[in-house]
Amino acid sequence: RSDRKNAAHRPFEPAGYYANLDEVLDVIDRYLPVGDVKDRFVQRWIKNELVRRLRIRSVRDMPRARRNAFFAEVSRILRERISESAIRLLPPDHRVGAILARHATAADFFRIDRAIDDVDLVASPASAGSGLALRLYDGLHMMPVDARLSHLLARHASPGLARAVLGDLRDDPLLLPATAALTDAAGTEHRPTGEAGTGAYAQDAAVHLGDRVRLLTPFGCRTATVTIAGTARLRADLAVRGTRRRVHRLAVRAALAMFGPTAVDRIGVALRH
């Protein structure tokens, strides 16, 4: 482009944009036979133009009719143009999003995806030894340490939708995986390991308050600071996190209305860097 800008970062209508993507997929279909090579080749479009597009702030928080128009095009292409074998190659968080978009309505998708996004990680020193105790919270609801994706879907999706998503996923992964990553005050990273369904993670080094924990769950990365908090303080902290998210979303919606999606995305990039 003469202005050196990516067309995908400019305002556009979803029907026209995804008609162009249909043309790209037509070329791929013409020259690549069905199989592993083709499935790997289309990963970039599935991640960036389809699943990730529904999750960026300038789409999530735009007026409902326009947002739903984006969802309709993304869902159509995922159902009609993308093979199940290609979706199975996606990283877990993208895979869950793609399968959810294939089966859900727009209202269900954005509600469930936002609930998944709002799941919080809480980390504290283990009661005995030098390990970690990790918990996931769905709002103020503490999830079982042996919680699987089906537990989360049971709270936020209809039974039929949950069955369809898990059927396509062909798995029901634990939400607290076997390995976490802990960064101590010196910046050294440790790899605590746990037993499935316990929430307890053992490691050689001692765990200190203020250490940072990173957990790669089936629906994306979660981070937390190691703290010791009573029930009342913990619930207050979770409530504050939820309030901050709601205020942030209201601010994004106001910014979208005032400045448009391009400006909001640029501001977001500037803040991240």
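All figures in this text were calculated on a predicted structure; none of them were measured in a lab.

## Concerning the overall build of the chain
The helix and strand tally for the chain stands at 12 helices and 9 strands. Expressed as a percentage of its 273 residues, the buried residues of the chain come to 42%. Sequence-distant contacts in the chain: of pairs separated by 6 or more residues, those separated by 24 or more amount to 63%. Accessible surface for the chain amounts to roughly 14,600 Å². Of this, 55% is attributable to carbon and sulfur atoms.

## Describing the packing of aromatic side chains
With the rule as written, the count across this model stands at 5 aromatic pairs. Taken together, a centroid distance of 5.0 Å and an interplanar angle of 85° make the contact between Tyr 17 and Tyr 18 edge-to-face. Both residues of the pair, Tyr 17 and Tyr 18, belong to the buried class. Grouped by ring-pair contacts, the aromatic residues Phe 71, Phe 109 and Phe 110 constitute a single cluster. Over the aromatic face of Trp 45 sits the side chain of Arg 44, whose NZ or CZ is 5.8 Å from the ring centroid.

## Describing the packing of helix α3 (residues 43–55) against helix α7 (residues 92–103)
Between α3 and α7, whose axes approach to 10 Å, the crossing angle comes to 80°. One finds that α3 runs roughly perpendicular with respect to α7. Side by side, α3 and α7 meet where Lys 47, Val 51, Arg 52, Leu 54 and Arg 55 of the first sit next to Asp 93, His 94, Gly 97, Ala 98 and Ala 101 of the second. Considering only residue class, the contact of α3 with α7 consists of 4 nonpolar, 2 polar and 4 charged.

## A short note on the nonpolar core
In terms of nonpolar packing, the biggest core is built from 61 residues, with Ile 82, Leu 134 and Val 213 touching the most fellow members. Setting aside residues up to four positions removed in sequence, Leu 134 forms contacts with Leu 121, Val 122, Ala 123, Leu 176, Ala 180, Gly 199, Tyr 201, Val 213 and Leu 215.

## A word on the environment of Ala 181
With respect to the element layout, Ala 181 can be found in strand β4 (residues 181–183). Remark: the alpha-carbon pair of Ala 181 and Thr 223, spanning 42 residues in sequence, is separated by 9.5 Å. Residues contacting Ala 181, with those up to four places away along its chain left out, are Glu 189, His 190, Arg 191, Pro 192, Arg 212, Val 213 and Arg 214.

## A closer look at the pattern of salt bridges
Overall, the coordinates contain 23 salt bridges when judged by the stated rule. Where Arg 66 meets Glu 13, a salt bridge forms, and the shortest distance between an N and an O atom there is 3.1 Å. Residue Arg 66 is located in helix α5 (residues 64–80), and its partner Glu 13 is located in the segment before α1 (14–31); the two are separated by 53 residues in the primary sequence. Overall, Glu 13 belongs to the exposed group, its relative accessible area being 55%. Among the ionic pairs, Arg 60 bridges to Asp 117, the shortest N-O distance being 3.3 Å.

## Re the sheet that holds strand β5 (residues 189–190)
In spatial order, the strands read β5-β4-β8-β9; together these 4 strands make up an open sheet with antiparallel pairing. With one partner strand each, in any of the chains shown, β5 and β9 (220–225) form the two edges of the open sheet. Here β4 pairs with β5 via 2 bridges, running antiparallel. Bridge pairing in β5 links Thr 183 to Glu 189.

## Here we look at the environment of His 103
For His 103, the position within the fold is in helix α7. Residues His 103 and Ser 75, spaced 28 residues apart in sequence, show a C-alpha to C-alpha distance of 8.1 Å. Not counting chain neighbours up to four residues away, the residues in contact with His 103 comprise Leu 161, Ala 164, Val 165 and Asp 168.

## Quick notes on the confidence of the model for the chain
Confidence in the prediction of the chain, expressed as mean pLDDT, is 85, and 79% of residues score 70 or more. Mean pLDDT across the elements of the chain bottoms out in helix α12 (residues 261–272) (53) and peaks in helix α2 (residues 36–41) (96).

## Structural notes on helix α9 (residues 149–156)
Within α9, burial applies to Leu 149, Leu 152, Leu 153 and His 156. Buried positions in α9, seen along its axis, are confined to an arc of 95° and lie on one side of it. Buried residues along α9 sit against α7, α8 (106–117), β2 (132–138) and α10 (159–169).

Criteria and thresholds
Residues numbered from 1 in each chain as written. Predicted model: local features only at pLDDT ≥ 70, side-chain atom pairs only at ≥ 80, totals over all residues. Heavy atoms only, no water. Helix = DSSP H or I, 4+ residues; strand = E, 2+ residues; numbered from the N terminus. Buried < 20%, exposed > 50% of the residue type's maximum accessible area, 1.4 Å probe, protein only. Contact = heavy atoms within 4.5 Å. Areas by Shrake-Rupley, 256 points an atom, 1.4 Å probe, with all protein chains shown as cover. Phe/Tyr/Trp six-rings, centres within 6.5 Å; stacked < 30°, edge-to-face > 60°. Lys NZ or Arg CZ within 6 Å of the ring centre and 35° of its normal. Axes fitted to C-alpha atoms, helices over the stretch in contact; angles between N-to-C directions. Parallel < 35°, antiparallel > 145°, perpendicular 65-115°, else oblique. Nonpolar A, V, L, I, M, F, W, Y, C, P; charged D, E, K, R; others polar. Core = buried A, V, L, I, M, F, W, Y, C linked by side-chain atoms within 4.5 Å. Salt bridge = Lys/Arg side-chain N within 4 Å of Asp/Glu carboxyl O. Pairing = 2+ DSSP bridges. pLDDT = per-residue confidence, 0-100. Arc of directions from axis to C-beta.

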